[in-house]
Amino acid sequence: MTDSLSLIFVAPVVAALALVALSVAGVSAALEARDAGRPISSGMTIPLRETARLLRQRPRRTVSADRLLWRSASTAVIPLAVLIVAFVPLGAHALVDHPLGVVWVNALDVVAWAVMWLIGWGANSVTGLVGGYRFLALAVGYELPLMFALTAPVIAAGSLDLAQIAATQDGLWFVVWMPVAFATYCWGVLGFSLRPPMDPGAATDLGGGILSELAGVDRLLVLGGRYALLVAGSAAAVPLFLGGGAGPTLPAWAWVLAKTLLLSLLLVLAGRRLPTLRPDKVLELGWVVVLPLVVAQDLVVATIAVATG
Amino acid sequence: MTSTDVAFWLCASVSVVAGALVFYVDSMARATYALAVSFVAVGVALLLMGQAYMGVIVILMMVMEMAVMAVYMVMFMGMNPALMPMSMVHSHRSSVAAAIGTFVLLGAGAVLVPWPTRRGAPPADVTAALGEAIMESHMIVMITMGAVMVATIVAGVALSSHRTRYDRLGDDLDRRPADDPQPGGVGR
Amino acid sequence: MGLIEVLSRAASSRAHVLIAEAPGAFRERVALERALDRRGWCTAESVADADVLAVVGEPGEALADVVEHVWGQMSEPRTRFHLRDEAQMDALLSGAEEQLCGTTRRIAEPDLRRGFTPSADDMPHEMSGGDGDHQGHDMAGGHDHSAMMPDGIPLAEGAEDRDGLEMDELHLPLGPVLAHWPAGLVLRVTLHGDVVVDAEVEQLAVHAGTPAAADDMTTRAARLLDAAGAVLTLAGLPSESARARRLRDRCIDRDVTIGRDVITLGERIARRRSLRWVLGGLTVTGSHGGVERLQDRLAALFEQARAALDGEEPSPAIGPAALPELVRGQELAAVRLWVAAMMPALAVDDRGSVAHD
């Protein structure tokens, strides 16, 4: 882990993550406000008002809840997002420069499996439990395609280092010639951040699923954590598919920020238009349709990589 | 005692203690995640040995396995009390004896074997060197073996399923849509 | 204390309201939802999410008990109000906002309230006191039940589920205070995992003084559009749901010219392939043996709304007694969707009747 950025950059990176998450949440709430017939500007401040509301609210306890697992899982969501962002190169270096950055990002999004299920389990409530298992069923469906999608840029760049992958895209971004991998990756990001349409574990038809028994700070941490994971996943997509910090005029870190913001907004807007996907649908879709397509994509990428030497 | 030594002993003790906790905690979920903590500590120990790829893969795979174990836990264990005293052991005395015996044997081997001193420096790409040392000329066999194993697992599950494709698709394999208790999303 | 005040004002400008609707209070509930939209508040999706408890209409005794129960489960800062008449609404809402703003957060020790235990009504009377000296005393069967009842909740019994695995049986009462759920309906389901294997329906008795008013055509149409909006929200399409609810509001305002808009919206939703795919496998077998799909039921809601606005007679209602048979074998989320889709068909008349199956 040489050449990493010094630790004073941790605070700005976390602040940037929070800012982007709040903006994305604001846009989502603004659309909701427009649906309700109110002006969009009133919607943009909703995330801040919700934060104030949840900070004032008293946390709840349920009977025979597994408090250790429940609380540790609900507090772990935001740190998970921060850790994912730590591997994203902002310019030449990341907070944590690692030659195996891609594998670490993948390992972190698998930890989300454990975290989300524990939030559902810990509350000792039927809706939470069912929500946690719906999430796991979905995760089994999207995770393998996600892993294969991550392999595509790795094959093209010949390295597991995010900075190296970003550098190899000088000229042609990977999103242009591996669109299937990019789409699958985005689908996976929506999955591990439990955002619509991949949110059966936390959806309205289950009374909130894993969120149903959370109140106060715990609820804030998980709701905010979902947005944070979405932004972190989008940030990781920037070096993988969107050329890293490349772009005219602005410094590299500004481009990474801009691309992260744009991709997160795109994911939120696209997600709102789709109904909540049910796990039994997604499992078959993921294994029978998406996985073969992504493996075929990997084959195409590998052929091109070998052909161009 | 360098910081690596301290870190290693920490990981080793966390791993053993968490592993023992699997049998002492009061709930299946806690047992599962105590096991996950134990495995993650082993992964960190591998990272300390300079095997970065092996370490992170161990962590990734083990967390995913523990999460999937939560599914099997409910499927096959039925009564699954949360925070209730439960017993996770069978044939108590013989398994304790076997466990202690194995630990003593392996520990004695690790401590008493005269390990050679290092000659030269570790190669630049530790993972590639490890891979070559284990697999040597059989590398391509090992690579295809992975795909073959996945196919075998899928085939085994398909063969052991008590509903065959004739149950699903009718005697002439022409019933559409298929007769499934839980229809999937693709309409096969 | 400037920061705390700013925080309180911001927090109470975005309160989440849990609506406890009594049967017969449909128009008041719709008016409340519209007022919430105007204020920038929203409806809560669960009890944990709620700051304000709004009781709408005149609840009967059973419903009032449930409301008290729900009130006990809400986190501070919380407030409640009782809406009987649309004219009082703005005053009540402003009052609630003031209350929320003014409630200072108690930093005292945790407010331990004894909550709901699922089979409290089944347990012998001696147990519900929770006194340690009574353990092992007077128990049926003789052995120490307290060891098998952590915190007073008995362990689940196992039973074979549809795949032949032994799963715990969970008992869950759905409703009556639940979002997108018919007023006064309680559905006690027995779950294997998340699949319903058995259900019991109960319609809570209405308050003695409620007049049995029949719905006129615009109210009927509004109920149908409200149900469509509920299904769309539960399916995860908030913008389409908002469109349906806007049409519902126009119905309530006695605007009968919206027949075309209803048809347009219905067709638009029927055309959405993603919705058709997601709702695809959800079918119920009706009592007449026919298989009905949820997306057909959703389209029928729009069709019936248009018919109601044209003055046609409504199709016969099926009544809540048919519900347990319909939900058997569905998964929990699908049950919510089906009950929302069948809301107009279940509201036989607002007097209700106690139906057991």
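A quick note: this is a predicted structure, and the numbers were derived from the prediction, not measured.

K.L.:
How do you make sense of the overall build of chain B when you look at a structure like this?
P.N.:
Scanning chain B from terminus to terminus reveals seven helices and zero strands. Of the regular secondary structure in chain B, the N- to C-terminal order runs α-α-α-α-α-α-α. For 188 residues, the compact-globule estimate of 2.2 N^0.38 gives 16 Å, and the C-alpha radius of gyration of chain B, at 23 Å, exceeds that figure by more than 25%. Each of the three principal axes of chain B carries a C-alpha extent, and together these read 70 × 50 × 30 Å. Taking as baseline every contact in chain B between residues at least 6 positions apart, the subset at least 24 positions apart corresponds to 51%.

K.L.:
How should I be thinking about the overall build of chain C in this particular structure?
P.N.:
Of regular secondary structure, chain C possesses twelve helices and ten strands. Buried residues in chain C amount to 43% of all 357 residues. Counted over contacts in chain C with a minimum sequence separation of 6, partners at least 24 positions apart contribute 70%.

K.L.:
Quick question: what am I supposed to make of the sheet that holds strand E2 (residues 42-43) of chain C here?
P.N.:
The strands making up a sheet associate through hydrogen bonds between their backbones, and the pairing can be parallel or antiparallel. Residue and element names in this part refer to chain C. The strand order across the open sheet formed by four strands is E2-E1-E3-E4, and the pairing between neighbours is parallel. For this open sheet the edge positions go to E2 and strand E4 (79-83), each flanked by a neighbour on one side alone. Across five bridges, the pairing between strand E1 (residues 16-21) and strand E3 (residues 52-56) is parallel. Directly across from Val17, in E3, lies its bridge partner Val52.

K.L.:
Looking at this model, I keep getting lost on the domain arrangement of chain B. Mind explaining?
P.N.:
As a measure of interface size, the accessible area lost when the parts come together is often cited. Domain boundaries in chain B define domain 1 (1-78) and domain 2 (126-188). For domain 1 of chain B and domain 2 of chain B, the distance between their C-alpha centres works out to 28 Å.

K.L.:
So what exactly am I meant to see when it comes to the environment of Pro153 of chain A here?
P.N.:
Of note, Pro153 of chain A is situated in helix H6 (residues 126-157). If we ignore the near neighbours within four places in the chain, the residues touching Pro153 of chain A are Ile165, Phe174, Leu240 and Phe241 of chain A.

K.L.:
Looking at this structure, how should I read the sheet that holds strand E7 (residues 185-192) of chain C?
P.N.:
Residue and element names in this part refer to chain C. Pairing is antiparallel across the open sheet formed by four strands, whose spatial order is E5-E6-E7-E8. Of all the strands in the sheet, just strand E5 (158-160) and strand E8 (195-203) have a single pairing partner and so form its edges. Here the strands of the sheet are splayed against their neighbours by 35° on average, with no regard to which way each runs. Relative to E7, strand E6 (residues 166-174) runs antiparallel, the two being bridged by six bridges. In the strand pairing of E7, Leu172 is matched with Val189.

K.L.:
What's the story with helix H3 (residues 61-73) of chain C in this structure? I'm lost.
P.N.:
Along an α-helix, residues three or four apart share an orientation, since each turn contains 3.6 residues. Residues and elements named next belong to chain C. Between the first and last C-alpha of H3 there are 19 Å, a value that for 13 residues agrees with the 18 Å anticipated at 1.5 Å per step. Turning to H3, its buried residues number three or more, namely Leu63, Val66, Val67, Val70 and Gln73. End-on, the buried residues of H3 take up no more than an arc of 115°, which puts them together on one face. Exposed and oriented more than 90 degrees from the buried face of H3 are Glu61, Asp65, Glu68 and Gly72. Close packing links the buried residues of H3 with E1 and E3.

K.L.:
Whenever I open this one, the interface of chain C and chain A confuses me. Can you help?
P.N.:
Taken together, the contacts link 41 residues of chain C with 42 residues of chain A. Within the residue set of the side of chain C that touches chain A, elements represented by two or more residues are helix H1 (2-12), E6, helix H5 (217-235), helix H6 (238-252), helix H8 (273-278) and helix H11 (332-341) of chain C. Taken together, the residues that form the side of chain C that touches chain A break down as 20 nonpolar, eleven polar and ten charged.

K.L.:
Would you mind going over the packing of helix H9 (residues 179-192) of chain A against helix H10 (residues 217-241) of chain A with me for this structure?
P.N.:
Relative placement of two packed helices is described by the angle separating their axes and the distance separating the axes. All names here are of chain A. The interhelical angle for the contact between H9 and H10, taken along N-to-C directions, is 160°, at an axis separation of 8 Å. As judged from the angle between their axes, H9 and H10 are roughly antiparallel. When you trace H9 past H10, the crossing you get is right-handed. In contact with Phe182, Tyr185, Val189 and Phe192 of H9, H10 contributes Leu229, Leu230, Gly233, Ser234, Ala237 and Phe241. Residue composition of the contact of H9 with H10, grouped by class: eight nonpolar, two polar and no charged.

K.L.:
Sorry, what's going on with the packing of helix H1 (residues 10-35) of chain A against helix H11 (residues 252-272) of chain A here?
P.N.:
Residues and elements named next belong to chain A. Orientation of H1 relative to H11, taken along the N-to-C sense of each, is 30°, at an axis distance of 10 Å. By the angle between their axes, H1 is roughly parallel relative to H11. Seen along the crossing, H1 lies across H11 with a hand that is right-handed. In contact with Ala16, Val20, Ser23, Val24, Val27, Ser28 and Leu31 of H1, H11 contributes Leu257, Thr260, Leu261, Ser264, Leu265, Val268 and Arg272.

K.L.:
Would you take a moment to explain the pairing of E6 of chain C for this structure?
P.N.:
All names here are of chain C. Bridge count between E5 and E6: three bridges; the pairing is antiparallel. Note on E6: the bridge partner recorded for Ala159 is Met167. Connecting E5 to the next strand, E6, in antiparallel fashion are five residues, including Gly164 with a positive phi near 85°.

K.L.:
Even after reading the chapter, I still don't get the domain arrangement of chain C, so can you show me in this structure?
P.N.:
Residue and element names in this part refer to chain C. According to the domain assignment, chain C contains domain 1 (2-102) and domain 2 (158-357). Of note, the centres of domain 1 and domain 2, computed from C-alpha atoms alone, are 24 Å apart. Taken together, the contact between domain 1 and domain 2 spans 21 residues of the former and 20 residues of the latter. Elements represented by at least two residues in the side of domain 1 that touches domain 2 include exactly E1, helix H2 (26-39) and H3. Its residues placed into classes, the side of domain 1 that touches domain 2 shows 13 nonpolar, three polar and five charged.

K.L.:
What is the right way to look at the nonpolar core in this model?
P.N.:
Burial of nonpolar side chains together is a common tendency in soluble globular proteins. Within the largest apolar cluster, 237 residues are counted, with the highest numbers of intra-cluster contacts made by Trp113 and Val115 of chain A, Val63 of chain B together with Ala54, Val231, Leu337 and Trp338 of chain C. The element contributing the most residues to this core is H6 of chain A, with 19 residues.

K.L.:
So what exactly am I meant to see when it comes to unusual backbone geometry here?
P.N.:
Of all residues except glycine, most have a negative phi; of all peptide bonds, most are trans. Of note, the bond from Pro196 of chain A into Pro197 of chain A is cis; its omega dihedral lies within 30 degrees of zero at 0°. As for its placement among the helices and strands, Pro197 of chain A is situated in the loop between H9 and H10. Residue Pro77 of chain C is reached from Glu76 of chain C by a cis peptide bond, and omega for that bond is -10°. Relative to the helices and strands, Pro77 of chain C is located in the loop between H3 and E4. Positive phi values are uncommon outside glycine, yet Thr249 of chain A reaches one of about 65°. With respect to the helices, strands and loops of the structure, Thr249 of chain A is situated in the loop between H10 and H11. Unlike most non-glycine residues, His180 of chain C shows phi in positive territory, near 60°. Along the chain, His180 of chain C falls in the loop between E6 and E7. For His180 of chain C, a count of 23 C-beta atoms within 10 Å gives the class buried.

K.L.:
Can you help me understand the pairing of E1 of chain C in this one?
P.N.:
Residue and element names in this part refer to chain C. With five of six residues buried, E1 lies mostly within the body of the structure. Judged from the two bridges that link them, E1 and E2 form a sheet pairing that is parallel. Among the inter-strand pairings, Val17 is bridged to a residue of E2, identified as Thr43. Note on the crossover from E1 through H2 to E2: the handedness is right-handed.

K.L.:
Looking at this structure, how should I read the confidence of the model for chain C?
P.N.:
Predicted coordinates in areas of low pLDDT are best not read in detail. All names here are of chain C. In the predicted model, chain C carries a mean pLDDT of 80, and 81% of its residues have values of at least 70. Between the elements of chain C, mean pLDDT differs from a low of 77, seen in E5, to a high of 94, seen in E3. In this model residues 117-146 is a low-confidence stretch, pLDDT under 50, and it forms 18 contacts with partners more than four residues away in sequence or in other chains. Counted against residues more than four places away or in other chains, residues 349-357, with its pLDDT under 50, gives 28 contacts. If you check the scores for this complex, the pTM reads 0.89 and the ipTM reads 0.92.

Cut-offs used in this document
- Residues numbered from 1 in each chain as written.
- Chains lettered and ligands numbered in written order.
- Predicted model: local features only at pLDDT ≥ 70, side-chain atom pairs only at ≥ 80, totals over all residues.
- Helix = DSSP H or I, 4+ residues; strand = E, 2+ residues; numbered from the N terminus.
- Rg over C-alpha atoms; globule rule 2.2 N^0.38 Å.
- Contact = placed C-beta atoms within 7 Å.
- Buried ≥ 20, exposed ≤ 12 C-beta atoms within 10 Å, placed from the backbone.
- Pairing = 2+ DSSP bridges.
- Domains from an automatic or database assignment.
- Axes fitted to C-alpha atoms, helices over the stretch in contact; angles between N-to-C directions.
- Expected span 1.5 Å × (residues − 1).
- Arc of directions from axis to C-beta.
- Nonpolar A, V, L, I, M, F, W, Y, C, P; charged D, E, K, R; others polar.
- Parallel < 35°, antiparallel > 145°, perpendicular 65-115°, else oblique.
- Left-handed = near helix turned anticlockwise from the far one by under 90°.
- Core = buried A, V, L, I, M, F, W, Y, C linked by C-beta atoms within 7 Å.
- Right-handed = clockwise from strand over helix to strand, strands pointing away.
- pLDDT = per-residue confidence, 0-100.

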